[in-house]
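Overview (structure and organization)
This is what each chain is made of:
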Amino acid sequence: MTVCEAPGKVYLFGEHAVVYGEPAVPAAIERRAAVTAEPRSDDHVRVEAEDLSLNGFTVEYSGGTGDHPDVDVPTPLVEAAMGYVDAAVRQARDAADAPDAGFDITVESDIPLGAGLGSSAAVVVAGIDAATRALGEPIDRRELADRAYRAEHEVQDGQASRADTFCSTMGGAVRVEGDDCEPIEAPNLPFVVGFDGGAGDTGELVAGVGELREEYGFAADTVESIGDVVRTGEALLADAVAEGAPGSGSEPTGDAEPPAELLAELGELMDFNHGLLSALGVSARSLDSMVWAARNAGAHGAKLTGAGGGGCIVALDESDATETALSFTQGCEDAFRAELATEGVRVVEP
Ligand code: PMV
């Protein structure tokens, strides 16, 4: 039995624009999906999922997601979860050159599904890692990130950037621009997440931005402006690291916080980024009200994270004020501090 777990992420900057070749900077957070893989003697795949915001379901199937599981939970969520596990198993079989390998798979996750925190990427990354290791054919991180991207790309009909899967594999903050993915150094930023209990339809939201971009030059300019925000934010992070901002090196830094000026500037850029995403039609009333609650509570900045339409916002606040304000905000189901996950995917049981 092999167990691997991979982190979710927040977008500091750049979701949606990354689909059109602009850079994005996601950061991994300490909320993880754990996948257990146990090889079987036949070619079947049995999946058991718990804590996926789905009440838990168990299903046995031998091939594709077309075999509809007989469980009493919302169909699109089950199909989505099944699709990702299925694609991860296909990648693992391919990597290990074991086309008939069967598995008992268990998925446990404390990352809300489809809410902009990279739940599917974490399941795919941990799933491929666990399944290849269970077959005695572990793959290196670059290949893992690449295969996880291909799995997501396939399930999401070609509408996926490398951002989520690369970030979940590597941990820490990363920079993604097209096929170019690199870990970057970043201070340990005080992320606070607000979750509205819902989920957006990533495919629909990505398609919506695509249509706007085709129709209006100013929508295309908005996408480019998001790229400018990301480049400005990246330069701030790089300067802070060069100046030795607390939390930015590989040394443990205890409770040291990044300088207030850096947080203020990053926060301003996050506010700007949220405005541009809003102009592209991917925010929602619940997300806007959480963003404003965070700002009014004194957060340095706040924005939606991920595809939008519903799900999560991320704010920067080293005090407890934003978390408290969010917990009293109508429409906010959960508010929590999210620590940067400096370690990406890891083996829990070899
Ligand atoms: O909602 P999430 O975590 O799947 O993020 C989607 C981010 C997009 O930029 C909208 C799409 C992508 O694949 O990069």
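As shown above, the structure is provided for reference.
What comes next concerns the included structure. Computed from a predicted model, the values in this text were never measured in an experiment. (Residues numbered from 1 in each chain as written. Predicted model: local features only at pLDDT ≥ 70, side-chain atom pairs only at ≥ 80, totals over all residues. Heavy atoms only, no water.)

A few points about the site of the ligand
Selection criterion: We call a residue near a molecule or strand whenever a single non-hydrogen atom of that residue lies within 4 Å of it. Contacts described as polar in this section are N or O atom pairs within 3.5 Å, which, within protein, must combine one atom able to donate a hydrogen with one able to accept it, while residues neighboring in sequence count only if both atoms come from side chains. Surface accessibility follows the Shrake-Rupley procedure with a 1.4 Å probe radius. Residue values consider only the protein chains on display as shielding. Here the term charged refers only to Asp, Glu, Lys and Arg, the term nonpolar to Ala, Val, Leu, Ile, Met, Phe, Trp, Tyr, Cys and Pro, and the term polar to all other amino acids, Gly among them.
Close contacts around the ligand come from 14 residues, with Lys9, His16, Ser161, Asp164 and Ala307 the closest. Between the ligand and the protein, one listed contact pairs an oxygen atom with a side-chain N or O atom of Lys9 at 2.8 Å. Ser161 has a polar side-chain atom sitting 2.5 Å from an oxygen atom of the ligand. For the ligand, whose unbound accessible area comes to 380 Å², protein coverage reaches 94%. Its residues assigned to classes, the shell around the ligand comprises six nonpolar, five polar and three charged.

Brief notes about empty space enclosed by the protein
Threshold: Using only the protein atoms, space was sampled on a 1 Å grid; points where a 1.4 Å probe fits but cannot get out form cavities, open sets with protein on both sides within 12 Å along at least five of seven lines form pockets, and lining residues are those with an atom within 4 Å of a point. Grid points are joined across faces, edges and corners, and a volume is the space filled by probe spheres set on the points. Only DSSP runs of H or I with at least four residues qualify as helices, and only runs of E with at least two residues qualify as strands; both kinds are numbered from the N terminus onward.
In this structure the tally under the stated criterion is two cavities of 30 Å³ or more. Its boundaries defined by the atoms lining it, the largest cavity holds a volume of some 50 Å³. The wall of the largest cavity is formed by Val35, Val85, Ala88, Val89, Ile105, Val107, Val123, Gly127 and Ala131. The set of elements that each furnish at least two residues to the lining of the largest cavity consists of helix H1 (75-95), strand S5 (102-109) and helix H2 (119-134). As for the second largest cavity, its lining consists of Leu12, Ala27, Ala173, Ala186, Pro187, Leu189, Phe191 and Leu340. Split by residue class, the lining of the second largest cavity holds eight nonpolar, no polar and no charged.

A look at helix H7 (residues 260-279)
Here is the rule: Expected span of a helix, by definition, is 1.5 Å for each gap between consecutive residues, and there is one gap fewer than residues. Under the scheme applied here, a residue whose accessible area is under 20% of the maximum for its type counts as buried, over 50% as exposed, and between as partly exposed, the area being computed with a 1.4 Å probe on protein chains only. When checking whether two residues touch, look at their non-hydrogen atoms; a contact exists if any pair is within 4.5 Å.
Given a rise of 1.5 Å per residue, 20 residues ought to cover 28 Å, and the 29 Å separating the end C-alpha atoms of H7 matches this to within 8%. All of the buried residues in H7 are Leu262, Leu263, Leu266, Gly267, Leu269, Met270, Asn273, His274, Leu276 and Leu277. Looking at the packing, one finds that the buried side of H7 touches strand S1 (2-13), helix H6 (217-242), helix H8 (285-296), strand S9 (301-304) and strand S10 (312-316). Just beyond H7, the residue with positive phi is Gly281, at close to 85 degrees.

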